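Observations on the model geometry
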Amino acid sequence: MRLESLSMAQPTAVTSGHEVTKPAGIRTAIVPAAGLGTRFLPTTKSVPKELLPVVDTPGIEHVATEAAEAGLDKLVLVVSPGKDAVAQYFRPQPELEEELRSRGKAALVEKITRAPGLLSSVQTAIQEKALGLGHAIGCAEANLDADEQAVAVLLPDDLVLPRGVLGRMIDTRARYGGTVLCAFDIPREEISPYGVFDVEDTDDPDVKKVNGMVEKPSAEEAPSTFAAAGRYLLDVAIFDAIRRTEPGRGGEIQITDAIALLISEGHPVHVVVHRGGRHDLGNPGGFLRAAVDFALQDPEYGPELREWLRVRVEE
């Protein structure tokens, strides 16, 4: 269900001063953001988890930047009823901009105009009830244009670093077709909390053909060490598969079950193995690690924080 569209006039995606090539037939990133953020209560009684700042930039902007850098120009936020503050973050605020300009705060003007300038359109779709990730993605089907051939899904709890894996996934789909997912190579002794891919090699060591997937296997039973991350590039055939997927535990429709249905019907699925890092913003511990990591890289905060941490750890 389409609730609102925040349209910004922007004919081409531009990031860091460079024009980005738009992939044919792929222009939308779906971001599931309907959760209650219970692990961050009481803060999330009034502030959506997706707007909590990693230093001074909320996680949702990091995800939107990733989409823009891959050449996408439309963001669809899947939210619960009444959770519209996330979309409002992408709306321009000319009064605030003018006030900051009048005070000579050019750097702050640049910061607050960054998110509204990332994408041509930010829309919302409503998930009335939490019925699984597959269901959430299905709620955004009406927001896609008729000529779109695939859609990206970016989970806002996952910061995949360095950015760029989505572009590699788009390139992989151009070569192999079908659906492309992101994977991390996890030590086998740490694999059990993850969804793990059953794969076979291709001629690219960082691209694997997917034959199946096992949720949270033991280390001994895991079919590989390649674990699912929060990035998906889904052929639009996924929406029909979601409609045909039976609900599982708790009545939820899982995207892994819909992808497994497509695999069983001969739909090509590949993973791109990302040789970088990841921060989990879905829990306070992971969020704090991300904040420290980003702050240490910040030229304003990093040097002082590094010294403070060194002394604090020694104490």
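Calculation notes
- Residues numbered from 1 in each chain as written.
- Predicted model: local features only at pLDDT ≥ 70, side-chain atom pairs only at ≥ 80, totals over all residues.
- Heavy atoms only, no water.
- UniProt positions renumbered as here; feature names shortened; annotations may be inferred.
- Helix = DSSP H or I, 4+ residues; strand = E, 2+ residues; numbered from the N terminus.
- Rg over C-alpha atoms; globule rule 2.2 N^0.38 Å.
- Areas by Shrake-Rupley, 256 points an atom, 1.4 Å probe, with all protein chains shown as cover.
- Lys, Arg positive; Asp, Glu negative; His and termini not counted.
- Charge placed at Lys NZ, Arg CZ, Asp CG, Glu CD.
- Core = buried A, V, L, I, M, F, W, Y, C linked by side-chain atoms within 4.5 Å.
- Buried < 20%, exposed > 50% of the residue type's maximum accessible area, 1.4 Å probe, protein only.
- Contact = heavy atoms within 4.5 Å.
- Phe/Tyr/Trp six-rings, centres within 6.5 Å; stacked < 30°, edge-to-face > 60°.
- Pairing = 2+ DSSP bridges.
- Axes fitted to C-alpha atoms, helices over the stretch in contact; angles between N-to-C directions.
- Parallel < 35°, antiparallel > 145°, perpendicular 65-115°, else oblique.
- Nonpolar A, V, L, I, M, F, W, Y, C, P; charged D, E, K, R; others polar.
- Left-handed = near helix turned anticlockwise from the far one by under 90°.
- Salt bridge = Lys/Arg side-chain N within 4 Å of Asp/Glu carboxyl O.

The protein has the name UTP--glucose-1-phosphate uridylyltransferase in an unreviewed UniProt entry, where Actinophytocola oryzae is given as its organism. Quoted verbatim from the Sequence similarities (unreviewed entry) field of the UniProt record, the comment on the protein reads "Belongs to the UDPGP type 2 family." Among the UniProt annotations of the protein, the heading Catalytic activity (unreviewed entry) holds the following wording: "alpha-D-glucose 1-phosphate + UTP + H(+) = UDP-alpha-D-glucose + diphosphate".

Attention now goes to the overall build of the protein. In terms of helices and strands, the protein carries 10 helices and 16 strands. A globule of 315 residues ought to have a C-alpha radius of gyration of about 20 Å, and the protein, at 20 Å, matches this closely. Taken over the C-alpha atoms alone, the protein extends approximately 60 × 55 × 40 Å along its principal axes. If you sum the accessible surface of the protein, you get close to 15,500 Å²; carbon and sulfur atoms cover 53% of it. When the 33 positive and 48 negative side-chain charges of the protein are each reduced to one mean point, those points stand 2 Å apart.

Moving on to the nonpolar core. Counting residues in each nonpolar core, the largest one holds 43 residues, and the members touching the most others are L72, L75, L77, F90, L166 and M169. Of all the elements, helix α1 (residues 59–69) adds the most residues to this core, at five residues. L166 has contacts with E66, A67, A70, L72, A152 and L154, leaving out every residue within four places of it along the chain. The next biggest cluster of nonpolar side chains, apart from the first, holds 33 residues, and it includes A140, L155, V269 and V273.

So, on to the side chain of T44. Relative to the helices and strands, T44 resides in the loop between β4 (28–32) and β5 (53–54). Residue T44 is classed as buried on the basis of its relative accessible area, which comes to 11%.

It is worth spelling out the packing of aromatic side chains at this point. All told, the structure shown has two aromatic pairs when counted by the stated rule. Ring centres of F40 and F287 lie 5.7 Å apart, and the angle between their planes is 75°; this geometry places the pair in the edge-to-face category. Here the residue F40 occupies a position in the loop between β4 and β5, and F287 occupies one in helix α9 (residues 284–297), the gap between them amounting to 247 residues. A relative accessible area of 10% places F40 in the buried class. Seen in terms of ring centroids, Y89 and F90 are 5.5 Å apart; in terms of plane orientation they differ by 90°. Their pairing is edge-to-face. Its relative accessible area of 28% is what places Y89 among the partly exposed residues.

Turning our eyes to something else, we now look at the pairing of strand β13 (residues 207–215). By the bridge criterion, seven bridges tie strand β12 (residues 195–201) to β13 in an arrangement that is antiparallel. In the strand pairing of β13, D201 is matched with K208. Hairpin connection, β12 to β13: the antiparallel pair is bridged by five residues. Here β13 pairs with strand β15 (residues 269–273) via three bridges, running antiparallel. Its bridge partner lying in β15, K208 is registered against V271.

Glancing now at unusual backbone geometry. A cis amide bond, omega 10°, links L41 with the succeeding residue P42. Tracing the backbone through its elements, the reader meets P42 in the loop between β4 and β5. Residue L161 is joined to P162 through a cis peptide bond whose omega torsion reads -10°. With respect to the helices and strands, the residue P162 is situated in the loop between β10 (158–161) and α6 (165–176). At V55, a position not held by glycine, the phi torsion is positive, near 65°.

What follows deals with the packing of α9 against helix α10 (residues 302–314). If you want to describe how two helices pack, look at the angle between their axes and the distance between the axes. Close contact between α9 and α10 brings their axes to 7 Å; oriented N to C, the two are set at 125°. When the interaxial angle is binned, α9 and α10 end up oblique. Contacts from V292, A295 and L296 of α9 reach α10 at G302, L305, R306 and L309. Of the residues contributing to the contact of α9 with α10, the split by class is five nonpolar, one polar and one charged.

Interaxial distance between helix α3 (residues 94–102) and helix α4 (residues 106–114) falls to 8 Å at its minimum, and their mutual angle equals 165°. Classified by the angle their axes make, α3 and α4 are roughly antiparallel. In this structure, the crossing between α3 and α4 has a hand that is left-handed. Mapping the contact onto sequence places L96, E97, L100 and R101 in α3 and L108, V109, I112 and T113 in α4. Residues that form the contact of α3 with α4 fall into these classes: five nonpolar, one polar and two charged.

As a further point, take the pattern of salt bridges. Summed over all chains, the structure comprises 26 salt bridges. One salt bridge connects K208 with D201, and the closest N-O pair in it is separated by 2.9 Å. Note on D201: relative accessible area 59%, which makes it exposed. A salt bridge links R312 to E315, with the shortest nitrogen-to-oxygen separation between them at 3.9 Å. By relative accessible area, which is 46% here, R312 ends up partly exposed. Put simply, R27, K74, D145, D147 and E148 are held in one network by salt bridges that share partners.

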